[in-house]
Structures are given as C-alpha cells and as structure tokens.
Number of protein chains: 2
Amino acid sequence: MTSSSNPSFAVVDWGTSSFRLWLLDRGGGVVSESRSGEGMMHAARHGFRAVLGRHLAKVNAPSGTPVLICGMAGARQGWVEAPYVHAPADLRSIAHKAVRVVEADHDVRILPGVAQNDPEVPDVMRGEETQLSGALDASAADDALVCMPGTHSKWVRVKDRRLDHFTTYMTGEIYALLTQHSILQHAVDDAGQESDNDALFLEAIEQARSDPERVWASFFGVRASQLLGFEDRTCGALRLSGLLIGAEIAAARSLFGAEKNVTLIASGPVSELYRKALKLNGFEISIINAEKASRGGLFRYAQQIWGC
Amino acid sequence: MTSSSNPSFAVVDWGTSSFRLWLLDRGGGVVSESRSGEGMMHAARHGFRAVLGRHLAKVNAPSGTPVLICGMAGARQGWVEAPYVHAPADLRSIAHKAVRVVEADHDVRILPGVAQNDPEVPDVMRGEETQLSGALDASAADDALVCMPGTHSKWVRVKDRRLDHFTTYMTGEIYALLTQHSILQHAVDDAGQESDNDALFLEAIEQARSDPERVWASFFGVRASQLLGFEDRTCGALRLSGLLIGAEIAAARSLFGAEKNVTLIASGPVSELYRKALKLNGFEISIINAEKASRGGLFRYAQQIWGC
C-alpha cells in the first residue's frame, strides 16, 4: 500500500467470467484490490451496478471515485456498449472513446474494444487492447509480435507502436470443452494438471510443430492410448494442452511469418506452458506480466481522462 | 416385410447414444426393426438386459431368438467387454471372437471392436468394423480408403480386404461442443442447419483445404463476422461444419497420401455434406449406405455363428 488515504481512480478489468478492481493512487500504485468470478455473464443476470458497488465498498473507495473499466462489460450484451475502434489502431488515443455509464451515480466509463473490420479475417477483442497498451508502455520496441494466451488467445502484430492486425484462437475454451464435456473427460484427471511431466507436454508441442495436421487425429488418441494401456489419466491433460497450444503456435507461426521474437503477455501457470512451447518453436521470448499490463493500461487511460 | 413369421436372428448396432435392432430372416431380409436413443450411456444406468428385452418384445421376436450385437455395448463400460482384435485384422474372421452374455436368458453375443495397438498412433473402434465388413461384402475392391463420418469419424485403409490401419477424428463431437457449449452457440441457429446455402459450406471446405492451419483462427471468426455485421446466425452452422469437415478431410489427405478414390460409408444429411466436401478435395467417391452396411455385416457374422 503506497497511500491508502489518497486513492485517485478505481480501474476494472471486467472479463467474461472474471472481475478485477484496483484502487490506484496518483502514481499508479495499488492502494487496494478486489477480485471475483462476477464477470460479464454473472453481472448481466445480477446487475453491473450492484456488482461494481459491492467491490468499491469492499476496498473503501471514497464516494465519487471515478471508475474506468475495460473488457466485456462494454460488449453489446454487457453493461453499456462501447463501440469498437478499428484496427489498425493507435492504442494511445482510445481513452477519449470511452463511453460514460449514465446509470452510475458517479463518473464511470467503459473503454472500447478493437475490431478488425475485414470480412476475410473478421476479429474482435475487448480488454486485450488495454493490456497491450500497458505492455507497450513497458517496452521499448516499436514493432512486435505479441501472444496473449487465454480462453480466447490473441496474437497481435504491432507496427510503429500501433495495433496493426490480430487473430483469435479459441485454445483455452476448446481445452475446457474437451476436458469437461467430451469423451476425453475420461482421459484427464486433476492430478495431470498438477503433474510436472514436461516430457509429455513438450512431445505434444513438437508433434503439433512438425506435423500440425496430425493434431486432429491425435485428440482421440489420448483416450485410445489409455484404453490400450500405453498411458494413464495423469498424462491426458498435459498431452491435450500440448496439442492445443502447439496447434495455436504452429498456426500463428504460419500466419505471422518467420518472426524470431515474440512478446508473451501472460500470468499464472499458462505463462510457463506458453514460454516452453514458444521456445520449442524457436521463438526468442520476452515475458510481460498480464495483470500488471492490464493495470498499467488502465492507469494510463485514467490519467488521460481525469488528469494526474 | 419379407417373412414376418420366420425370423432367424435379431441383430443390434448398439452405439454410445443410439440403439438399432433388426429382426432378420434367413436371407438377411428385414422382418421388423426397433430403434431408440437407449445407447450404451443410457443402458449402463438403466440395464442392458432390460433395454434389449423391451426392443425384442416390441418387434415380437420369438422367444429364444439369438441376438448378435456390435458397438459400444462391448466396451469396458458397456454390458460385457468384448476384447479388441488387433489391426491389421481380417474382418471376415472376427465372428468367432464374439463374447457370450451370460446374464442373458438366451444366446446373446457381442462382437469385438478393433484396436490399433501402436503407441505412436493408438486407436480403437467399436461398431465400425462390422459396418466396414458389410460394406466390403457389397464392394468388389480389395483395396480401399474408407471414410466413415460421425461423432468420431473413422478413416480406414483396407488392403487385400483386410483392415490395415485407421484414424479417428472427433469431428462430430467437436462440432456439437462448439455449437452447444462454446461462445459460438450464439453464432448458430437451427435455421442454419436447415439452410441450403452450399456456397458458405463449400467456401469453408476450400479454406480448410488450401490453408488448413487457418482453421484454428477461423472458429472465433464465425462469431466476429456476425458481431461486425458481415454474416448472420443462419451462416454459422454451415461455416463451422465446413471448417471442421474440411479440417478432417485435409488432415486425412495428408495422412493417407494422394489417394484418388474414397469409399464413403454414411447415411442421413452428413452423407451429402461429406460427398460435397470430398469432391471439392478432388476425390472420386463411392457411397455405401451406413445402415445397410451395419446390417449386412451383422447378418454375415450371425450366419457364421449360427449357420443359415
């Protein structure tokens, strides 16, 4: 806590299934924070205003503290729709496109997402643009290939510090579907996710790299391998995540060309999995903490809106 | 009905989620039939014997009619486990490996599945071997590449009328997961599945053929395309099925080499989708009706076991 008596802004990363609020001081230091699973899907049923109010109360935010939000709260099915800015986009100038929430008692604004308005490769993001903005502030590079793993992983080409174009891979969501709802639910157990068996994960990454089309034939093989006694259930989760992350990276590599450097914006266990997988695919990797990047982006935009 | 007074065998294709029973006369003609959704998953909870008994009663099977079953009823989690025969396998000689169900009142047997007992490409099938056997009986070819679409599509290489090796693609199951449980559930509606818009489907097939790795980037694009107003929800189902079937065929093509001919064993709407998709991938296609093939295979095996 740098200065609990002097908070300046509350900033919120409001995703589909997660809510994170930070109370920041004038220097961007964290005064306090509050997080929960009350993402957009929850709040759409239970009320965005109520959810935000509870978290503000929890961190003892002074009445009238301005609030800046990024993420799915600005989607059409969110709180108030914040229309997309279009790629290529200068992320330094999107703060003034934030939308004011009239329903709120005080100054609450939601940042826009970014749309790639191209019928050949249509794509959208909400929240990652703010994270990327924070990451770019922390980096000296004007050009970069950026990998942001998640439920919907984003790969972004940055040119001259602008978001030039990007692509979404549903890697995290497909992993969850396969391990929770498919026949492969019988091929994984929680122990596997805890397991530290690098070899299995890396073998799957290498397979996806050297023969990406075989990935489609390998999903069912995870189950067959266990039925035939070659592997057990502790192997399933690692192998599946290796296949899916490997397929994402192989596909991104073919799309974004033979780039040697990648900026990985990630936190938590997924960060280490992607680091290993990217390395095996020949990338030089710079890692930026995803949460810090989100907070940094939100702070910069809050400063632009309300001054420091 | 050829001869309702003279049934010889009851044969059953007992899948994961479906049950189909035919009462056959000595020539293999259908005396009567009964089908339901009481597949292995249902029967494991409610009792295999009871389900079979009800269907036998429904078709008025004479008491003591012998019953031959193929499919998931022979899985470890099924009625009685029928151990796999191993590929390469001569499908003409698997009937004597059928397992007798002791619990049954009369002669009930379950056919084995086929396992590919190779740690590099482990795979299993239950039911498709019987279908394939019936299809081979109906075909003059000694060698063939066979595509059997479904929840878990099987591609089989037949050599000298033997099942040489095979691969499973989870195409049907992944389609169901994406359209029912993922963010893409908002991108499809039932009208789309009814729609006759070939162009969308074929465009997705062609995309998967010419650039298979882009498929991974295209799933989320189905949703983004609608958010940005390029397409509407009636397009989603066709596009997704085109991407997934296209990815399967592209992967199988890379795995099974530059074969020109393929035997498609299918029935229902999926048959026409695969026919178009295979054609666009340059295949010459012979179509064999999947249900007739299953029945034919079961009949041949029943004859081998009980004589004609």
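Residues numbered from 1 in each chain as written. Chains lettered and ligands numbered in written order. Predicted model: local features only at pLDDT ≥ 70, side-chain atom pairs only at ≥ 80, totals over all residues. Heavy atoms only, no water.

Q: Would you take a moment to explain the overall build of chain A for this structure?
A: Helix and strand counts for chain A come out as 10 helices and 14 strands. Relative to the globule expectation of 19 Å for 308 residues, the C-alpha radius of gyration of chain A, 20 Å, shows essentially globular dimensions. Taken along the three principal axes of its C-alpha coordinates, chain A extends 65 × 40 × 40 Å. Burial status across chain A gives 57% buried among its 308 residues. Within chain A, residue pairs in contact and separated by at least 24 positions form 63% of the contacts whose partners lie at least 6 positions apart. Here chain A displays about 12,300 Å² of accessible surface, and carbon together with sulfur accounts for 48% of that area. Averaged over its 31 positive side-chain charges, chain A has a centre that lies 4 Å from the centre of its 36 negative ones. (Helix = DSSP H or I, 4+ residues; strand = E, 2+ residues; numbered from the N terminus. Rg over C-alpha atoms; globule rule 2.2 N^0.38 Å. Buried < 20%, exposed > 50% of the residue type's maximum accessible area, 1.4 Å probe, protein only. Contact = heavy atoms within 4.5 Å. Areas by Shrake-Rupley, 256 points an atom, 1.4 Å probe, with all protein chains shown as cover. Lys, Arg positive; Asp, Glu negative; His and termini not counted. Charge placed at Lys NZ, Arg CZ, Asp CG, Glu CD.)

Q: Whenever I open this one, the interface of chain B and chain A confuses me. Can you help?
A: When the parts of a complex come together, some accessible area is lost, and that lost area is often taken as the interface size. Of the residues lining the interface, 46 residues belong to chain B; the matching set on chain A comes to 46 residues. Here chain B meets chain A over a buried area of about 4,100 Å², counting both sides, of which 71% is carbon and sulfur. Three residues stand out in chain B for area buried against chain A, namely E213, W216 and F220 of chain B, and they jointly supply 20% of the buried area on that side. Here chain B and chain A share zero salt bridges between them. (Buried area = accessible area lost by both parts, 1.4 Å probe. Salt bridge = Lys/Arg side-chain N within 4 Å of Asp/Glu carboxyl O.)

Q: Got a minute to help me understand the sheet that holds strand β13 (residues 261–266) of chain B in this structure?
A: By way of backbone hydrogen bonds, the strands of a sheet pair with one another, either parallel or antiparallel. Residues and elements named next belong to chain B. Strand order in the open sheet formed by five strands is β12-β11-β10-β13-β14, with mixed pairing between adjacent strands. Looking along the sheet, the strands with just one partner apiece sit at the ends: β12 (162–169) and β14 (284–289). Here the average twist between neighbouring strands, direction ignored, is 25 degrees. By the bridge criterion, two bridges tie strand β10 (residues 144–148) to β13 in an arrangement that is parallel. Bridged to V146 within β13 is T263. Contacting β13 and β14, helix α10 (residues 290–306) crosses the sheet at an angle of about 60 degrees to β14. (Pairing = 2+ DSSP bridges. Axes fitted to C-alpha atoms, helices over the stretch in contact; angles between N-to-C directions.)

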